[in-house]
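# Working through the structure, step by step
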Number of protein chains: 2
Amino acid sequence: MTGTKTPPTRVCYRCGREAATGARCSCGEPLWLKIDGTDGVDATGRADRTDATRFSWPETSGSSIWRYRDLLPVSRPPGIGSVVGGTPLFRTPRLDDYAGCELRVKDESANPTGSFKDRGSAVGVARALDAGDDWVGTVSHGNMAMSTAATAASAGLNCLVLVPDDIPTERLTHIARYDPTLVRVEGDYGRLYDVSLDLPGVRFVNSDAPLRVAGQKTTALEICEAFADEGRTPDAIVAPVSSGGHASAIWKAVCELRDANLLNAESLPRLYFVQAAACDPIAEAFRNGADRVTPVDGGETVAYSIANASPPSGNRVLAAVRDTGGAVLSVADDAILDAKRQLARRAGLCVEPASATTLAGIRHLSTAGKIDPEESVVAIATGTGFRERSPLAETPESVPIGDLPERVASLVSG
Amino acid sequence: MTGTKTPPTRVCYRCGREAATGARCSCGEPLWLKIDGTDGVDATGRADRTDATRFSWPETSGSSIWRYRDLLPVSRPPGIGSVVGGTPLFRTPRLDDYAGCELRVKDESANPTGSFKDRGSAVGVARALDAGDDWVGTVSHGNMAMSTAATAASAGLNCLVLVPDDIPTERLTHIARYDPTLVRVEGDYGRLYDVSLDLPGVRFVNSDAPLRVAGQKTTALEICEAFADEGRTPDAIVAPVSSGGHASAIWKAVCELRDANLLNAESLPRLYFVQAAACDPIAEAFRNGADRVTPVDGGETVAYSIANASPPSGNRVLAAVRDTGGAVLSVADDAILDAKRQLARRAGLCVEPASATTLAGIRHLSTAGKIDPEESVVAIATGTGFRERSPLAETPESVPIGDLPERVASLVSG
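Here is what the cut-offs are and how they apply
Residues numbered from 1 in each chain as written. Chains lettered and ligands numbered in written order. Predicted model: local features only at pLDDT ≥ 70, side-chain atom pairs only at ≥ 80, totals over all residues. Heavy atoms only, no water. Core = buried A, V, L, I, M, F, W, Y, C linked by side-chain atoms within 4.5 Å. Buried < 20%, exposed > 50% of the residue type's maximum accessible area, 1.4 Å probe, protein only. Contact = heavy atoms within 4.5 Å. pLDDT = per-residue confidence, 0-100. Pairing = 2+ DSSP bridges. Helix = DSSP H or I, 4+ residues; strand = E, 2+ residues; numbered from the N terminus. Least-squares fit on C-alpha atoms with pLDDT ≥ 70 in both. UniProt positions renumbered as here; feature names shortened; annotations may be inferred.

## Section: the nonpolar core
- With 112 residues, the main nonpolar core has Leu103 and Ile362 of chain A together with Leu103 and Ile362 of chain B as its most contacted residues.
- Discounting chain neighbours no more than four positions away, the residues touching Leu103 of chain B are Phe90, Arg91, Thr92, Leu95, Asp96, Leu359, Ile362, Val377 and Ala379 of chain B.

Now the structure itself:
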């Protein structure tokens with residue numbers, strides 16, 4: 001058992017300024033946590049983090065995010081937060097033709113509440129416990145709300161979830177199961193992200209908060225470690241992007257592994273992030289060669305969980321793809337829905353539409369010659385589709401039990 | 001890479017007769033696979049299984065069911081079948097008071113299609129690939145249907161799913177996503193289980209089929225290995241029971257580990273299996289001291305996925321609990337629903353009602369003095385609740401964004 005870890009220093013990816021607290025640098029960009037081994041000892045007097053430059057792949061067999069404890073700023077919490085991560089990464093050979101490459105999927109739906117958000121929630125809740133907080137909170141009406149509420153519940157913390165006033169009842173029921181304090185907020189929900197950070201007495205772990213980013217970097221640590229076990233590096237990692245928190249986290253992992261000489265700086269995995277075409281401010285900035293994202297008037301998309309018209313970490317995402325030779329792109333709803341169908345029918349995976357943007361994006365990139373057929377590409381399936389409802393395409397035939405042998409013989413010979 | 005494994009011999013748990021094929025012994029009882037190291041070599045001429053008496057915990061780090069390849073009769077398949085298992089097992093301290101013991105949950109919802117069924121589907125599909133079959137099938141309108149269809153899809157096999165004629169459309173859509181051949185069967189759905197085994201050209205992997213049982217024993221192997229890592233044995237393992245296939249599999253694992261001297265024959269984990277009171281033929285037989293289960297006219301229960309009025313492996317379940325000093329019990333729907341709420345609110349777990357029978361059963365057993373407060377008990381949460389819909393208990397309050405600081409200050413101080 002390690003002791004309670006001390007609060008980590010934050011640092012700006014762009015200007016390098018450090019800060020003891022807060023989510024934003026004075027330059028306006030989001031902060032993330034500094035992992036440099038100089039800022040803290042645990043309760044037993046030991047240095048509580050490994051300098052990233054001295055990090056090496058752990059030799060322990062545990063498969064949760066806590067195998068990377070040397071790169072995490074918190075102590076392992078009780079409850080579901082103790083077992084997040086360690087999700088399957090596997091080849092999906094029947095999708096190679098469609099994807100145009102050697103495809104692997106990282107299945108984040110295996111996390112306790114069915115999405116990658118559990119990684120960040122675990123670290124946020126762990127920090128709240130370390131700090132003696134009673135309350136955590138989040139601004140979300142989707143996966144992050146469920147994840148934060150469930151992780152807090154299992155650790156014995158109170159949780160405040162701020163949802164939009166017009167949230168559909170069905171979505172509310174999914175969050176309410178975990179019994180957080182739910183408040184519907186009348187007014188500009190877009191403003192809430194910043195407003196929440198100044199609310200008294202609640203540690204808000206929003207989507208690009210430094211603690212959440214610290215937890216979510218473990219997705220990419222796991223991917224890179226699995227490849228390293230085979231003496232390889234993925235050629236590309238592809239994920240949906242919304243606020244830019246998860247995308248930033250993936251880049252943070254790549255940066256830390258580069259610092260540790262566990263990734264070759266000359267051949268980093270290219271990071272590709274995908275948006276829905278109806279709401280694609282980061283992709284638009286990338287297409288325009290800009291280094292700042294301009295908010296858009298986003299339209300409706302089937303990938304509702306990534307429709308973020310004003311992404312707080314958008315600029316950081318542009319920096320991430322330029323650092324690694326990747327790109328931000330967007331895909332149309334019909335391509336997303338087709339990719340979702342293919343994931344179910346050729347890989348046995350039921351994902352939410354946002355997750356299917358990855359496969360649609362990969363198909364687009366390989367068609368455009370940006371990904372080669374022999375390249376190893378990882379699509380991060382960020383969240384489960386089990387909670388979704390979809391129409392039935394056709395009603396199956398009905399056969400009397402006595403006619404089954406004949407009908408089945410005909411089926412299998414046909 | 002091992003070669004293609006040879007077909008395993010089957011054996012009757014009760015009379016010891018062996019058979020080369022089939023699901024039932026001539027005595028009428030279900031067969032399971034013999035793991036004794038004498039019956040087969042792989043394509044490279046090596047013995048393809050370790051004698052269970054010589055099995056030891058693997059030293060490899062892989063966390064899927066394939067770490068137990070020495071006890072499995074098949075080769076690892078491609079697709080999601082390659083990564084099933086390795087699900088989280090963790091303490092849920094906030095449920096200890098409710099459960100009346102030191103509780104752990106084995107979260108089977110982390111499997112690719114959200115239930116323990118994926119373990120058995122992986123082995124069934126793997127065997128079909130080893131045998132060169134084109135078709136697998138199953139008789140199910142729930143988790144097993146989704147699991148078999150998805151596992152087959154990801155491995156490139158055709159899949160036939162036989163569902164009842166009156167299946168609700170919503171349930172059909174969950175299965176149809178994976179694009180199996182769906183046939184609604186008019187007539188006595190209860191008879192289909194046996195009828196399907198004689199259908200031509202399709203390998204049916206029904207709920208207590210020997211191959212499915214072989215896959216599903218890995219749940220208990222994982223539980224016992226995790227305890228063994230700490231030099232311990234669980235005092236009790238608790239699971240829902242329906243056909244008796246999974247329960248038989250858990251017992252099979254215990255038997256193999258006892259044979260291997262990895263469990264002490266004098267202090268086996270007690271196996272407890274739980275039914276819904278509205279349809280509890282195995283519990284009734286246990287209460288009556290019978291060694292044969294009599295079919296019942298089952299009523300409706302919220303735990304619809306375990307309402308089996310004529311369980312094909314029911315007698316085997318009675319043998320399992322008597323061998324280990326456990327019991328079969330049943331719990332009322334209100335106790336199931338209360339346990340389900342507690343799992344969400346105190347452990348962050350959203351499970352289907354069938355899974356919650358475990359916690360309700362444990363509470364019942366500890367209240368009755370059959371489980372002691374200091375005992376380590378594992379509840380197997382067999383399937384996800386994400387696909388369920390539940391009514392919203394109350395509509396959350398609505399607060400104007402400008403009033404949030406005051407409202408939140410009041411909340412956190414209250």
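## Remarks on the confidence of the model for chain A
- With 95% of its residues at a pLDDT of at least 70, chain A reaches an overall mean of 93.
- Low pLDDT, under 50, characterises residues 37-50 of chain A; the predicted model gives this stretch 36 contacts beyond four residues in sequence or across chains.

## Some words on the sheet that holds strand β1 (residues 10-12) of chain A
Residue and element names in this part refer to chain A.
- Here three strands make up an open sheet; going across it, the order is β2-β1-β3 and the pairing antiparallel. Edge positions in the open sheet fall to β2 (18-19) and β3 (31-33), since each of these has one partner strand only.
- Bridge analysis of β1 against β2 gives two bridges, and the strand direction is antiparallel. Looking at β2, one finds that Val11 is bridged to Glu18.

## A few points about the pairing of strand β5 (residues 102-107) of chain A
Residue and element names in this part refer to chain A.
- The buried count for β5 comes to five of six residues, which makes it a mostly enclosed element.
- Of the strand pairs in this sheet, β5 and strand β13 (residues 376-381) are connected by six bridges, and their pairing is parallel. The partner of Val105 across the bridge, within β13, is Ala379.

## Some remarks on the relation of the copies chain B and chain A
- Once chain B has been moved 0.0 Å along the axis and rotated by 180°, it coincides with chain A to within an RMSD of 0.0 Å. Taken together, these values place the two copies in the relation of a two-fold axis. It is Ala110 of chain B whose C-alpha, among those of chain B, lies nearest the rotation axis, at 2.2 Å.
- When the interface residues of chain B are mapped onto chain A, 99% of them again lie at the interface, so the same face is used by both copies.

## Some details on the UniProt feature "modified residue: N6-(pyridoxal phosphate)lysine" (unreviewed entry) in chain A
All names here are of chain A.
- Taking the numbering used here, the UniProt-annotated feature "modified residue: N6-(pyridoxal phosphate)lysine" (unreviewed entry) corresponds to Lys117.
- Inspection of the secondary structure assignment puts Lys117 in helix α2 (residues 117-131).
- Once residues lying within four places of it in the same chain are set aside, the contact partners of Lys117 are Asn143, Met144, Ser147, Ser207, Arg212 and Gln216.

## Overview of the environment of Leu192 of chain A
- Summarising the element assignment, Leu192 of chain A is placed in helix α5 (residues 189-197).
- Leu192 of chain A sits in the buried class, given a relative accessible area of 0%.
- Considered as a pair, Leu192 of chain A and Thr138 of chain A are 54 residues apart in the sequence and their alpha carbons are 9.9 Å apart.
- When sequence neighbours within four positions are dropped, the list of residues in contact with Leu192 of chain A reads Val139, Leu162 and Val185 of chain A together with Ile401 and Leu404 of chain B.

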